[in-house]
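The primary structure of each chain is shown beneath.
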Amino acid sequence: MQLVFNRYTRFSAIITLLALFTHSVWANTQHVHTMKRVEVASQNAPLQPIMIQGPMPIEAEYFAALLDNTTTEYSGNAVFYKGTLDGYPIVVAKTGKGLENTAAATANGIERYHPRLIINQGTSGGHDPSLKVGDIVLGERSINASNFKTPKLAQGEGSHPFNWLPMDLMASEGSAGEGSSAKDAEKLRFYLGDKQLINLALSLSKQYKRGNVVKGTIGSGNFWNNELDRIAWLHKNMGTSVEEMETASAAQIAHAYHVPFLGIRVLSNNITNHGEYDPTTAKNCQAFVEKVVRAYISALPE
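Because the structure is predicted, anything quoted here is derived from the model rather than measured.

Each value, and the rule that gives it
Residues numbered from 1 in each chain as written. Predicted model: local features only at pLDDT ≥ 70, side-chain atom pairs only at ≥ 80, totals over all residues. Heavy atoms only, no water. Helix = DSSP H or I, 4+ residues; strand = E, 2+ residues; numbered from the N terminus. Contact = heavy atoms within 4.5 Å. Areas by Shrake-Rupley, 256 points an atom, 1.4 Å probe, with all protein chains shown as cover. Core = buried A, V, L, I, M, F, W, Y, C linked by side-chain atoms within 4.5 Å. Buried < 20%, exposed > 50% of the residue type's maximum accessible area, 1.4 Å probe, protein only. Salt bridge = Lys/Arg side-chain N within 4 Å of Asp/Glu carboxyl O. Phe/Tyr/Trp six-rings, centres within 6.5 Å; stacked < 30°, edge-to-face > 60°. Lys NZ or Arg CZ within 6 Å of the ring centre and 35° of its normal. Patch = residues over 30% accessible without salt bridge, like charges linked within 9 Å, V, L, I, M, F, W, Y side chains within 5 Å. Polar contact = N/O pair within 3.5 Å; in protein donor to acceptor, adjacent residues only side chain to side chain. Axes fitted to C-alpha atoms, helices over the stretch in contact; angles between N-to-C directions. Parallel < 35°, antiparallel > 145°, perpendicular 65-115°, else oblique. Left-handed = near helix turned anticlockwise from the far one by under 90°. Nonpolar A, V, L, I, M, F, W, Y, C, P; charged D, E, K, R; others polar. Right-handed = clockwise from strand over helix to strand, strands pointing away.

1. Here we look at the overall build of the chain
Looking only at helices and strands, the chain has seven helices and twelve strands in total. Once local pairs closer than 6 in sequence are excluded, the contacts in the chain between residues at least 24 apart make up 75%. For the chain, the exposed area adds up to about 17,200 Å²; of that, 56% sits on carbon and sulfur atoms.

2. Some details on the nonpolar core
If you look at soluble globular proteins, the nonpolar side chains tend to sit buried side by side. Formed by 35 residues in total, the largest nonpolar core has its most connected members in Ile90, Phe288 and Val293. At eight residues, the largest contribution of residues to this core is made by helix 7 (residues 281–298). Counting residues in hydrophobic clusters, the runner-up holds 17 residues, among them Ala78, Ile118, Ile253 and Ala254.

3. Quick look at unusual backbone geometry
The phi dihedral of Asn69 is positive, around 55°, even though this residue is not glycine. Mapping Asn69 onto the fold places it in strand 2 (residues 68–75). Look at Asn69 and you get exposed, because its relative accessible area is 68%. Phi at His114 is positive, roughly 50°, even though this residue is not glycine. In this fold, His114 is placed in the loop between helix 3 (99–113) and strand 5 (117–126).

4. Concerning the pattern of salt bridges
Counted by the stated rule, this structure contains 15 salt bridges. Linking Glu178 and Lys152 is a salt bridge whose minimum nitrogen-to-oxygen distance equals 3.9 Å. Of this pair, Glu178 sits in the loop between strand 8 (165–166) and strand 9 (190–192) while Lys152 sits in the loop between strand 7 (148–149) and strand 8, and the two are 26 residues apart along the sequence. Residue Glu178 shares its accessibility class with Lys152, and that shared class is exposed. Here the salt bridges do not stand alone but share partners, grouping Asp168, Asp184, Lys187 and Arg189 into one network.

5. A closer look at the packing of aromatic side chains
What characterises a pair of aromatic rings is the spacing of the ring centres plus the angle enclosed by the ring planes. Summed over the entire model, instances satisfying the criterion amount to five aromatic pairs. Here the aromatic cluster, defined as three or more aromatic residues joined through ring pairs, consists of Phe148, Phe162, Trp164 and Trp233. Here the basic side chain of Arg141 rests over the ring of Phe190, its NZ or CZ set 3.9 Å away from the ring centre.

6. What to know about a nonpolar patch on the surface
Side chains of Ile58, Trp224 and Tyr277 sit close together on the surface and give an oily, nonpolar patch of about 350 Å² of accessible area. Summarising the element assignment, Ile58 is placed in helix 2 (residues 57–64).

7. A closer look at the side chain of Ser75
Relative to the helices and strands, Ser75 is located in strand 2. A relative accessible area of 18% places Ser75 in the buried class. Reaching out from Ser75, the side chain makes a polar contact with the side chain of Asn108 at a distance of 2.3 Å. Each residue touching Ser75, except ones within four places of it in the same chain, is listed here: Phe80, Asn108 and Arg112.

8. A word on the packing of helix 3 against helix 6 (residues 247–256)
Where helix 3 meets helix 6, the closest approach of the two axes is 8 Å, and the angle between their N-to-C directions is 30°. Taken together, the axes of helix 3 and helix 6 are roughly parallel relative to one another. Here helix 3 runs over helix 6; the crossing is right-handed. Residues Leu99, Thr102, Ala103, Thr106, Ala107 and Ile110 of helix 3 lie in contact with helix 6, whose contacting residues are Ser249, Ala250, Ile253 and Ala254. Here the residues of the contact of helix 3 with helix 6 sort into seven nonpolar, three polar and no charged.

9. Focus: the packing of helix 2 against helix 7
At their nearest, the axes of helix 2 and helix 7 sit 9 Å apart, and the two run at 40° to each other. The pairing of helix 2 with helix 7 is recorded here as oblique in orientation. In the packing of helix 2 onto helix 7, the handedness of the crossing is right-handed. The segment helix 2 lies against helix 7, with Ile58, Glu59, Ala60, Glu61, Tyr62 and Phe63 engaging Ala282, Lys283, Gln286, Ala287, Val289, Glu290 and Val293. Along the lines of polarity and charge, the residues of the contact of helix 2 with helix 7 split into eight nonpolar, one polar and four charged.

10. As for the pairing of strand 10 (residues 213–220)
Extensive coverage of strand 10 is indicated by the burial of six of its eight residues. You can see the chain leave strand 10, run along helix 5 (residues 228–238) and come back into strand 11 (residues 242–244), and the turn it takes is right-handed.

11. Quick notes on the environment of Pro89
Mapped onto the fold, Pro89 is located in strand 4 (residues 88–94). As for Pro89 and Pro115, which are separated by 26 residues in sequence, their C-alpha atoms are 9.4 Å apart.

Treat this as a map of the structure, not an account of what it does.
Written out as structure tokens, the structure reads:
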């Protein structure tokens, strides 16, 4: 009798423990199901803006006016207009005229905004007699056309610009004028425009009604050449289609930062064929660049 009682007691205890365990599991399960929760998605990388550069107000402010939700920032001599075009972030940089202002604005803009590409655009003077006022040159190449080393001449022997030698300041970290490194610096340095952007712009050329759109070489320097023989010499020896004061310096800085780059320049005058200066071409150039940028944005993967 005692044995039966003990077995019954142990059996009762086991049943009780199982009941308690089952209740505990059920209670915990019910508690999990009633908890509130929220799921936080992974962050997407911010879109890298497209940077459009123009040196003067007439070469930048038309494009800036196209932007939505615009804010303005100032740094040094540059003005940066931030906004969106077709919902995509754009920075328009009014760089100021000349190689130095453009180089500073380009480096500053890259450090601030990390653009995915840069288009430097604006007006230019023609070197190629076949180009007319209103034609647009896509910078297949750009070159600093003001980097020269003069041959040694004694006092009284004059100056002979057609004998000047090109001077590549980026050939080495050594002297470009004297010493063992100078000889290697006696060459032209061209910066190539982004092929994808060139092909995109060419595909839109028929939409441009002010003139032709062609590939060419943009020569940059802090000069305004009115000597026809000098222009012809640059055109022959450097292949320059046009001259202006900014593109090559922007291209050099963009290359240093590994940012795709293209120069797009409209002829506002061409002294080689009596093409008179027309400042309204600045707006024509920006309107064409607008088409290029909208087409680029529409082709981006979503």
